[in-house]
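Fold and contact review
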Amino acid sequence: MLNEGRQTRGTGTAAEGPDTWTGARALDQDTPLIFEQDSPGACGVDLPDGPDVANRLGGLERKGAIGLPGLAEPEVMRHYVRLSRQNYAIDIGVYPLGSCTMKHNPRLNEKVARMPGFSDIHPLQPESTVQGALELMDRLGHWLKTLTGMPAVALSPAAGAHGELCGLMAIRAAHEARGDARKVVLVPESAHGTNPATAAMCGYAVKSIPADETGRVDLAALEAMVDEDVAAIMLTNPNTCGLFERDIIRVAEAVHGVGAYFYCDGANFNAIVGRVRPGDLGIDAMHINLHKTFSTPHGGGGPGSGPVVFSDALAPFAPIPYVIERKDGDGFHLVEHVPDSEVQPFGRMKGFHGQMGMFTRALAYMMSHGSDGLRQVAEDAVLNANYVRASLADVMSQAFDGPCMHEALFDDSFLKGTGVSTLDIAKAMIDEGFHPMTMYFPLVVHGALLIEPTETESKDGLDRFIGAMRHIVERAKSGDAEHFAGAPYYAPRRRLDETLAARKPILRFEPAMQDAAE
Ligand SMILES: *Cc1c(COP(=O)(O)O)cnc(C)c1O
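As recorded in an unreviewed UniProt entry, the protein goes by glycine dehydrogenase (aminomethyl-transferring) and comes from Oceanibacterium hippocampi. The Catalytic activity (unreviewed entry) comment attached to the protein in UniProt states, word for word, "N(6)-[(R)-lipoyl]-L-lysyl-[glycine-cleavage complex H protein] + glycine + H(+) = N(6)-[(R)-S(8)-aminomethyldihydrolipoyl]-L-lysyl-[glycine-cleavage complex H protein] + CO2". Annotation of the protein in UniProt includes, under Function (unreviewed entry), the sentence "The glycine cleavage system catalyzes the degradation of glycine. The P protein binds the alpha-amino group of glycine through its pyridoxal phosphate cofactor; CO(2) is released and the remaining methylamine moiety is then transferred to the lipoamide cofactor of the H protein."

What follows is the structure, given as structure tokens:
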């Protein structure tokens, strides 16, 4: 079975060396599904028999086996360690996934998040027993408000997309409070897919704003599109082409001029933190991805966290719960109910407070950097991206002229006539030991390759990456398309049918399927 699972690995070509009996390649060892390793009854621990209690389930009790695989502890350990070795991680190497800000997660954050006072508490504990946790949330909120120049914050959203939903729900509530049912949200062509999806989820029609020839929002087109039916614009700054929207103040004026609100997708805050305060740009609501800018692990490594900051105009509609410091010096209070007052929260985003472990990590990161350190984060992220951009500009085709912010965008015109595609380049990068960059996004660029190195790469690390990219591109241009069609050669799995995997994912183990295969 192990060898069968390796079919996509290819047969022992010279590049791979001779076949092995196990199918392993030394440290790279395959592992069947955990359900396929089931030895019924095997268990990592001895449990005493349960007490004899009267059955009160009224015939609803399970009759058959529970269906969990039986394995001893060492087998479970090997299974997951082997799987982990097949995966790429920020702790292995450069992870230049544009728009994702895959930066190093400082271990200090992890240490702090594991302190029992933060990690072993429960959201239903009496408030007097979790004062430290509430203070931490208050402090984090203070940093976010100060860094963005915005007066209010909702910490509860669980990710960037959830933050967008939170922001647009506040915007909808603000319009509804005035009895003004608007129908349209404007979204630039280069936006992350979550922006139009969020607007649609809130019941708005989405209208797309074209980009100009510099990769930024076409201001004239935008000004022609805003009218009294527009509820909001959702703009990303820096945008997903890695460019600062220079006309942002005029965008804000145009939007506010018709009584609409300005939502900013702040996922790219890493490029401007400590240097630009979004509140000064006329923004009404913006989510911040703690798992990007503030270094909490993401992807397979941890949950997201997408706090939203609000302007004065939207603050009254921010969701509950939120933390306040009691005036009488009596500690902190989590506001869960708002009796008739001037604030009108639109509701809540989550059952409890939000992602406490991420709050802890993000605040540890902020406090260990300090405000000057956070400013340097942005400066170094932009410097690194421009170093990559300038070092590859002569062999690849930069999508838009001039310097970039935190990520460098290339299109695929440098591949014209080579028979090699953006996807092929990405697969070749896997063989060189790198996670590919973001591909085919943003959509405004043909065959996009979006590279975000982040500030945590050293110059040596960047030079190694640049050297590999130049080698790959030169090989593509030298007419070796056949090599690319077969890449990756050294990954645990070879070229997969990604369309099939996306459209018809098999997410459930069915024993019958296994029997039929055997
Ligand atoms: C990452 C990202 C999002 C979505 O954030 P999630 O936490 O993945 O939901 C939205 N917009 C942009 C520009 C992003 O880069």
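This part takes up empty space enclosed by the protein. Counting across every chain of the model gives 3 cavities of 30 Å³ or more. Its boundaries defined by the atoms lining it, the largest cavity holds a volume of some 60 Å³. Forming the boundary of the largest cavity are Cys 241, Leu 243, Arg 389, Gln 398, Phe 400, Gly 402, Pro 403, Cys 404, Glu 407, Ala 408 and Leu 409. By volume, the second largest cavity is sized at about 40 Å³. Taken together, Asn 237, Ile 248, Cys 264, Ile 272, Pro 278, Leu 281, Ile 283 and Met 286 make up the full set of residues lining the second largest cavity. Classifying every residue of the lining of the second largest cavity by side-chain character gives 7 nonpolar, 1 polar and no charged.

With respect to topology, 4 strands assemble into an open sheet ordered E10-E11-E13-E12, the strand pairing being antiparallel. Looking at strand neighbours, the two that pair on one side only are strand E10 (397-398) and strand E12 (438-439), the edges of this open sheet. Relative to strand E11 (residues 408-411), E10 runs antiparallel, the two sharing 2 bridges. Considered in E11, the bridge of Ser 397 is made with Asp 411. Contacts from helix H10 (residues 356-392) reach E10, E11 and strand E13 (449-451) within the one sheet, and its direction differs from that of E11 by about 30°.

A word on the state of the cysteines. Overall, the coordinates contain 0 disulfides when judged by the stated rule. Cys 241 provides the cysteine sulfur closest to Cys 100, a residue in no disulfide bond, and the two sulfurs are 15 Å apart. Since its relative accessible area comes to 23%, Cys 100 is described here as partly exposed. Cys 202 provides the cysteine sulfur closest to Cys 166, a residue in no disulfide bond, and the two sulfurs are 9.9 Å apart.

Calculation notes
- Residues numbered from 1 in each chain as written.
- Predicted model: local features only at pLDDT ≥ 70, side-chain atom pairs only at ≥ 80, totals over all residues.
- Heavy atoms only, no water.
- UniProt positions renumbered as here; feature names shortened; annotations may be inferred.
- 1 Å grid on protein atoms, 1.4 Å probe; cavity = no way out; pocket = protein on both sides within 12 Å on 5 of 7 lines; lining within 4 Å.
- Points joined across faces, edges and corners; volume = space filled by probe spheres on them.
- Nonpolar A, V, L, I, M, F, W, Y, C, P; charged D, E, K, R; others polar.
- Pairing = 2+ DSSP bridges.
- Helix = DSSP H or I, 4+ residues; strand = E, 2+ residues; numbered from the N terminus.
- Contact = heavy atoms within 4.5 Å.
- Axes fitted to C-alpha atoms, helices over the stretch in contact; angles between N-to-C directions.
- Disulfide = S-S within 2.5 Å.
- Buried < 20%, exposed > 50% of the residue type's maximum accessible area, 1.4 Å probe, protein only.

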